[in-house]
Every structure is written in structure tokens, then in C-alpha cells.
Amino acid sequence: MDKAEALKEKILKAQEAADIAGLYVLEQEANECFDEQTLIAYYANILDLALENLTDALGTARRMQMTEVKDFATLRALYEYAVEHYSAGKASDAAALFEILAGLSDDARFSEAMTQHQSFAERLPDFGQFLDDAADLEATQRNGTFYISAFRMDGNGTDES
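These notes cover the structure that comes with them. (Residues numbered from 1 in each chain as written. Predicted model: local features only at pLDDT ≥ 70, side-chain atom pairs only at ≥ 80, totals over all residues. Heavy atoms only, no water.)

### Examining helix H4 (residues 36-59)
Here H4 is 24 residues long and its end C-alpha atoms lie 34 Å apart, about the 34 Å a rise of 1.5 Å per residue gives. Taken as a whole, H4 has its buried residues at Leu39, Tyr42, Ile46, Leu47, Leu49, Ala50, Asn53, Leu54 and Ala57. Check the buried side of H4 and you find it contacts helix H1 (3-16), helix H2 (20-25), helix H3 (27-33), helix H5 (69-87) and helix H6 (91-104). One or two residues past the end of H4 sits alanine 61, with phi positive at roughly 55 degrees. (Helix = DSSP H or I, 4+ residues; strand = E, 2+ residues; numbered from the N terminus. Expected span 1.5 Å × (residues − 1). Buried < 20%, exposed > 50% of the residue type's maximum accessible area, 1.4 Å probe, protein only. Contact = heavy atoms within 4.5 Å.)

### Re the side chain of threonine 140
Take threonine 140: it is sitting in helix H9 (residues 137-143). Residue threonine 140 is classed as buried on the basis of its relative accessible area of 8%. When sequence neighbours within four positions are dropped, the list of residues in contact with threonine 140 reads Thr145, Tyr147, Ile148, Ser149 and Ala150.

Right under this line is the structure:
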């Protein structure tokens, strides 16, 4: 069995177990092995699991916990989905997703960042402008978060420095 087939088998097992975190563990390997079409399907599977987890959380009125691996991976996937919308010019859809994310997590820092994202998506519909004018990517990298967690201005356009 070649490397790609072995990886596909691991991915299938993770999917069958609804193991979203397990799929993220295989992410780097998938990026190295798969062509673009296969990668699109791979990320679609992650998103499908995230949406199932979102539906379950909303159905039980449960807030997701950053300390739980499954919840962390779900929040990450949903955040990436929202950013994908924002970068594709669908700022109003992204703002709605950021609003959901803000209320979904028990982590105050994440929720506040999602509120900021929502506000920026509503005011700055161009994602590139958001990255250039509002996001502080260096500080975010120092924070070690999977989401943009530092900003040069607040969601109302006021300079934060």
C-alpha cells in the first residue's frame, strides 16, 4: 500500500469515528500527499464534522470548551469556514458566522476576538483591508492562537495602540 492509500485509510477511520481532531492531526500529511481536488474533499469532511458538532451543541445549548480537543477542532474548522467566506467576498455571511462563534465558545478571549471579527466584517467587507488595517498578525503569532486574536484597532475603527 502506498503512502497516499495508507493516509486515505487513516482518514476514513477518523471519519467513521467522527474524530475531527484526528483529521486535523493528519492535516500536514494530507497537504504533502494529496492533489488539490483530494484536499478539497478532505477539508469538506472536516467541515461536515464541524457542522454536525455545531448542530449538536446548539441543540443541547452547550457552549464549546477550548480545553476539549473535539470542541477546539470544531471551533477551528468553523473559524476557518468563516474566514473562507470573508476572503471570498461574502462578508455578511462571515459576520453571521463570527457572531455564532462568539456565543458558541466558553473562552472569553476567543469570543471577544470573534465579536471583533464580526464588527470588522460588517464595516470592512474586503478581507485584504481587514488584514492590512485591523489585524495584528505579528501579535497573533506571538499569542499562538489559531485565530486572529490581536488587532491594531477595535471593531469600531478606533486605534488600539
